[in-house]
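Remarks on the overall topology
Here is what each chain is made of, one letter per residue.
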Amino acid sequence: MEQPISVTRSNFNDWMVPVFAPANFIPVRGEGSRIWDQENKEYIDFAGGIAVNALGHAHPVAVNALTEQATKLWHVGNGYTNEPVLRLAKQLTENTFADKVFFCNSGAEANEAALKLARKVGLDSGVAGKSGIVAFKNAFHGRTLFTVSAGGQPKYSQDFAPLPNGINHVAFNDLEAAKAVINEQTCAVIVEPIQGEGGVIPADIEFLKGLRALCDEFGALLIFDEVQTGVGRTGALYAYMNTGVIPDVLTTAKALGGGFPVGAMLTTDKFAPHFSVGTHGTTYGGNPLASAVAGAVFEFINTPEVLEGVKHRYQYFLNALNTLNAEHQIFEEIRGQGLLIGCVLKAEYAGKAKDITTWAGEEGLLALIAGPDVVRFTPSLIIPEQDIDEGIARLKRALAKLAK
Ligand SMILES: *Cc1c(COP(=O)(O)O)cnc(C)c1O
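Keep in mind that this is a model prediction, so the values were computed, not measured.

Points about the overall build of the protein chain
- When you go through the protein chain residue by residue, the secondary structure sums to twelve helices and 17 strands.
- Computed over the C-alpha atoms, the radius of gyration of the protein chain is 21 Å, within 12% of the 22 Å expected from 2.2 N^0.38 for a compact globule of 404 residues.
- For the protein chain, the spread of C-alpha atoms along the principal axes amounts to about 60 × 55 × 45 Å.
- When each of the 404 residues of the protein chain is scored for burial, the buried share is 53%.
- Taking contacts inside the protein chain between residues at least 6 apart in sequence as the whole, the part at least 24 apart equals 71%.
- Carbon together with sulfur atoms contributes 55% to the accessible area of the protein chain, which is approximately 18,200 Å² in total.
- Positive and negative side-chain charges in the protein chain, numbering 33 and 43 respectively, have mean positions lying 2 Å apart.

In structure tokens form, the structure reads like this:
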């Protein structure tokens, strides 16, 4: 075989549209919660591909599902259904509130489908002008035009005007503010049970219950964006299960494929029929390859052992972070649920989250930010305790640079 083309990090700047600023090393290989770069330097992975690599890297369950399906059938197009997608749909509907599933390839696409479904349900209701969407400040729902518009961070949408209209943003966790804008013209309320990109901010249960009641009162769909919180991330299969609030629509992606791109919109028999043949679609969504991997990942995660393991690891992580913080006094607050953890920097370190992840990289640790003031960890759901210990030791060395 020919030698592969030789590439370096600087080639990113040569050839890639500059929407990202990746670290100055290139990961080439991973196993479990460890990654190696081109120089064979090892890293502990507390980033988990942004809450995606739920089983870590190269887990045999995912590798076997992928390779087995790869030799059989990759893609057939929407003129045909396939076995893996039907199996995955059965798993998702049997284990959640949902009766029906629409498959796609990403979180943004799942939310796009959810918002379009809500608009269609509003139209079909016969109530004039029932197209209003209520969303929350600081929210993140993806990067398509509709989803950046629904998101509550103007920096992601303002350059792309004119935006789809009829979207109203109010403060997160402020039920009175939501009450003031939800009415007969509202077709949907979209909310993250824990705002992920926005800084790892959990929704109050009373807030979610209040939204449920308002949606019932005014005939609006309650959409839970569980793209980041879903598939075991919080220690429940889906975060709504921790809240006692059942949405009408749930979107899931990220961890669903364990690293293989796949997304889904879940809903009920009440709303699914508002989409009919031709109203919405996708070329790749629910293809056999993605569905086979997702089915295997989902089955592995949806067990008491793995889900309990997430809660246990949360406590373990939290203890280690608290010990570290007692010594160094860097974090104002450590918040989140399960293996979605946000460490909020004290005021004197405001804006330093990105620097900390850069120093973490130098020390051999992959970590994330959630805005300028929050260091975020979303590791594999099955990360071994010794990798947590080693990652925390490396984090400690990175934080020492902050003190300087
Ligand atoms: C990541 C994320 C999205 C977007 O998912 P993509 O797969 O990047 O399109 C949407 N909503 C939430 C809550 C997310 O965390």
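Section: the site of the ligand
- As a structural note, the neighbourhood of the ligand is formed by Ser-106, Gly-107, Ala-108, Asn-111, Phe-140, His-141, Gly-142, Glu-192, Asp-225, Val-227, Gln-228 and Lys-254.
- For the ligand, a nitrogen atom lies 2.7 Å from a polar atom in the side chain of Asp-225.
- The protein chains hide 82% of the 380 Å² of surface that the ligand would expose on its own.
- Take the shell around the ligand: its biggest share by element is three residues, from helix H5 (residues 107-124).
- Looking at the shell around the ligand residue by residue, the classes come out as three nonpolar, six polar and three charged.

With respect to a nonpolar patch on the surface
- Together, Ile-5, Val-7, Trp-15 and Met-16 make up a nonpolar patch on the protein surface, roughly 490 Å² of accessible area in all.
- One can find Trp-15 in helix H1 (residues 10-15).

A few points about unusual backbone geometry
- Between Ala-161 and the following residue, Pro-162, the backbone shows a cis peptide bond with an omega angle of 0°.
- One non-glycine residue with positive phi stands out, namely Val-200, at about 55°.
- Position of Val-200 among the secondary structure elements: in the loop between strand S8 (194-195) and strand S9 (201-202).
- Phi is positive for Gln-329, close to 50°, though the residue is something other than glycine.

Examining the packing of aromatic side chains
- Taken as a whole and assessed by the stated rule, the structure comprises nine aromatic pairs.
- Taken together, a centroid distance of 5.5 Å and an interplanar angle of 85° make the contact between Phe-97 and Tyr-240 edge-to-face. With Phe-97 in the loop between helix H4 (83-94) and strand S4 (100-104) and Tyr-240 in the loop between strand S10 (221-225) and strand S11 (249-252), this residue pair connects regions lying 143 residues apart in the sequence.
- What makes Tyr-240 buried here is its relative accessible area of 6%.
- Each ring, one from Phe-136 and one from Phe-172, has its centre 6.3 Å from the other, and the planes form 70°; the classification is edge-to-face. Remark: Phe-172 occurs in the loop between strand S6 (167-170) and helix H7 (175-181) and Phe-136 occurs in strand S5 (residues 132-136); sequence separation between them is 36 residues.
- By the ring-pair criterion, three or more aromatic residues cluster together here, those being Phe-46, Phe-317 and Phe-377.
- In this structure, Arg-29 is placed above the aromatic ring of Trp-36, and the distance from its NZ or CZ to the ring centre is 4.4 Å.

Some words on the pattern of salt bridges
- Scanning all chains against the criterion turns up 20 salt bridges.
- The partner of Lys-120 in a salt bridge is Asp-124, and the shortest N-O contact between them spans 3.0 Å. Here Asp-124 and Lys-120 lie together in helix H5, a separation of four residues that amounts to about one turn.
- Residue class for Asp-124 comes out partly exposed when judged on its relative accessible area of 38%.

Considering the domain arrangement of the protein chain
- The domain architecture assigned to the protein chain consists of domain 1 (9-58 + 304-400) and domain 2 (73-302).
- Look at where the C-alpha atoms of domain 1 and domain 2 centre, and you get two points 27 Å apart.
- Contacts between domain 1 and domain 2 engage 26 residues on the former and 25 residues on the latter.
- Three residues, Leu-307, Gln-337 and Leu-340, lead the burial of domain 1 against domain 2; their summed loss comes to 27% of the area buried on that side.

So, the nonpolar core
- Counting residues in each nonpolar core, the largest one holds 79 residues, and the members touching the most others are Phe-136, Leu-211 and Phe-377.
- Per-domain counts for this core show at least three residues from each of domain 1 (9-58 + 304-400) and domain 2 (73-302).
- The contacts of Phe-136, once residues within four sequence positions are left out, are Gly-152, His-169, Val-170, Ala-171, Phe-172, Ala-178, Val-189, Ile-190, Val-191, Gln-195, Phe-207 and Leu-211.

A short note on the sheet that holds strand S15 (residues 365-366)
- With mixed pairing, four strands are arranged side by side in an open sheet as S1-S2-S3-S15. A single partner strand is all that each edge strand has here, and the edge strands are strand S1 (27-31) and S15.
- Examined bridge by bridge, strand S3 (residues 42-45) and S15 share two bridges and lie parallel to one another. Across the sheet, the residue bridging to Asp-45 is Leu-366, located in S15.
- Packed on one face of the sheet, helix H12 (residues 385-403) meets strand S2 (34-37), S3 and S15 and runs near 110° to S3.

Rules behind the numbers
- Residues numbered from 1 in each chain as written.
- Predicted model: local features only at pLDDT ≥ 70, side-chain atom pairs only at ≥ 80, totals over all residues.
- Heavy atoms only, no water.
- Helix = DSSP H or I, 4+ residues; strand = E, 2+ residues; numbered from the N terminus.
- Rg over C-alpha atoms; globule rule 2.2 N^0.38 Å.
- Buried < 20%, exposed > 50% of the residue type's maximum accessible area, 1.4 Å probe, protein only.
- Contact = heavy atoms within 4.5 Å.
- Areas by Shrake-Rupley, 256 points an atom, 1.4 Å probe, with all protein chains shown as cover.
- Lys, Arg positive; Asp, Glu negative; His and termini not counted.
- Charge placed at Lys NZ, Arg CZ, Asp CG, Glu CD.
- Near = heavy atom within 4 Å.
- Polar contact = N/O pair within 3.5 Å; in protein donor to acceptor, adjacent residues only side chain to side chain.
- Nonpolar A, V, L, I, M, F, W, Y, C, P; charged D, E, K, R; others polar.
- Patch = residues over 30% accessible without salt bridge, like charges linked within 9 Å, V, L, I, M, F, W, Y side chains within 5 Å.
- Salt bridge = Lys/Arg side-chain N within 4 Å of Asp/Glu carboxyl O.
- Phe/Tyr/Trp six-rings, centres within 6.5 Å; stacked < 30°, edge-to-face > 60°.
- Lys NZ or Arg CZ within 6 Å of the ring centre and 35° of its normal.
- Domains from an automatic or database assignment.
- Buried area = accessible area lost by both parts, 1.4 Å probe.
- Core = buried A, V, L, I, M, F, W, Y, C linked by side-chain atoms within 4.5 Å.
- Pairing = 2+ DSSP bridges.
- Axes fitted to C-alpha atoms, helices over the stretch in contact; angles between N-to-C directions.

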